[in-house]
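Descriptive analysis of the structure
Each chain, written out:
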Amino acid sequence: MLYMIHGQDAPDSLDARLAARPEHLERLQALRDAGRLILAGPCPAIDSPDPGPAGFSGSLIVAEFPSLEAAREWADADPYVHAGVYTSVDVRPFKQVF
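Residues numbered from 1 in each chain as written. Predicted model: local features only at pLDDT ≥ 70, side-chain atom pairs only at ≥ 80, totals over all residues. Heavy atoms only, no water.

Describing the nonpolar core
Tyr3, Ile5, Leu28, Leu31, Ile61, Ala63, Phe65, Ala71, Trp74, Ala75 and Val91 together form the largest nonpolar core, which totals 11 residues. Among the secondary structure elements, those contributing two or more residues to this core are strand S1 (2-9), helix H1 (14-33), strand S3 (56-64) and helix H2 (68-76). Here this core takes 3 residues from H2, the largest share from any one element. Setting aside residues no more than four positions away along its own chain, leucine 31 makes contact with Arg36, Leu37, Ala63, Phe65 and Trp74. (Core = buried A, V, L, I, M, F, W, Y, C linked by side-chain atoms within 4.5 Å. Buried < 20%, exposed > 50% of the residue type's maximum accessible area, 1.4 Å probe, protein only. Helix = DSSP H or I, 4+ residues; strand = E, 2+ residues; numbered from the N terminus. Contact = heavy atoms within 4.5 Å.)

Below, the structure is given as structure tokens:
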């Protein structure tokens, strides 16, 4: 089943995000290589594809996991969680229509 993972960034977390980004992207690459990643990307903090120093307000990932518990475990192990980039992470089942 598909699950939506939405991480909400902490204020002033851009430096921590940039430092943890390579490891974060490696995990997403592994999901993609396994054919389980539908989409992933950051949410700019301002209305711009390149927010510069304004940074990001969070990230959205939609991927396939065997269960909600497995999706939560994967999300909890994200480098952005451990680096303090995210203040909260919401994981929910997702039904793709289009």
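Next comes the rest of the account.
Comments concerning the layout of surface pockets
Reported here for the largest pocket is a volume of approximately 220 Å³. Lining the largest pocket are 14 residues, with Arg17, Arg21, Leu25, Pro42 and Tyr80 sitting closest to its centre. Elements with a contribution of two residues or more to the lining of the largest pocket: H1, strand S2 (37-44) and S3. Looking at the lining of the largest pocket, the element that brings in the most residues is H1, giving 6 residues. Its residues assigned to classes, the lining of the largest pocket comprises 9 nonpolar, 3 polar and 2 charged. (1 Å grid on protein atoms, 1.4 Å probe; cavity = no way out; pocket = protein on both sides within 12 Å on 5 of 7 lines; lining within 4 Å. Points joined across faces, edges and corners; volume = space filled by probe spheres on them. Nonpolar A, V, L, I, M, F, W, Y, C, P; charged D, E, K, R; others polar.)

What about H1?
End to end, H1 covers 27 Å across 20 residues, agreeing with the expected 28 Å (1.5 Å per residue, within 8%). The principal kink in H1, of about 50°, is found at arginine 21, preceding the proline proline 22 by one to four residues. Along H1, the residues that are buried comprise Arg17, Ala20, His24, Arg27, Leu28 and Leu31. For H1, the elements touching its buried residues are S1, S2, S3, H2, helix H3 (79-82) and strand S4 (86-94). (Expected span 1.5 Å × (residues − 1). Bend = angle between axes of the 7 residues up to and from the residue.)

Let's talk about empty space enclosed by the protein
Under the definition given, this model contains 1 cavity of 30 Å³ or more. Along the walls of the largest cavity sit Ile5, Ile61, Trp74, Ala75, Asp78, Tyr86 and Val89, which together make up its complete lining. Those elements that place two or more of their residues in the lining of the largest cavity are H2 and S4. Taken together, the residues of the lining of the largest cavity break down into 6 nonpolar, no polar and 1 charged.

Brief notes about the side chain of aspartate 78
Within the secondary structure, aspartate 78 sits in the loop between H2 and H3. When its relative accessible area of 2% is taken as the criterion, aspartate 78 is described as buried. Engagement of the side chain of aspartate 78 in a polar contact is seen with the backbone nitrogen of tyrosine 80, the distance being 2.7 Å. Residue contacts for aspartate 78: discarding those within four places in its chain leaves His24, Arg27 and Tyr86. (Polar contact = N/O pair within 3.5 Å; in protein donor to acceptor, adjacent residues only side chain to side chain.)

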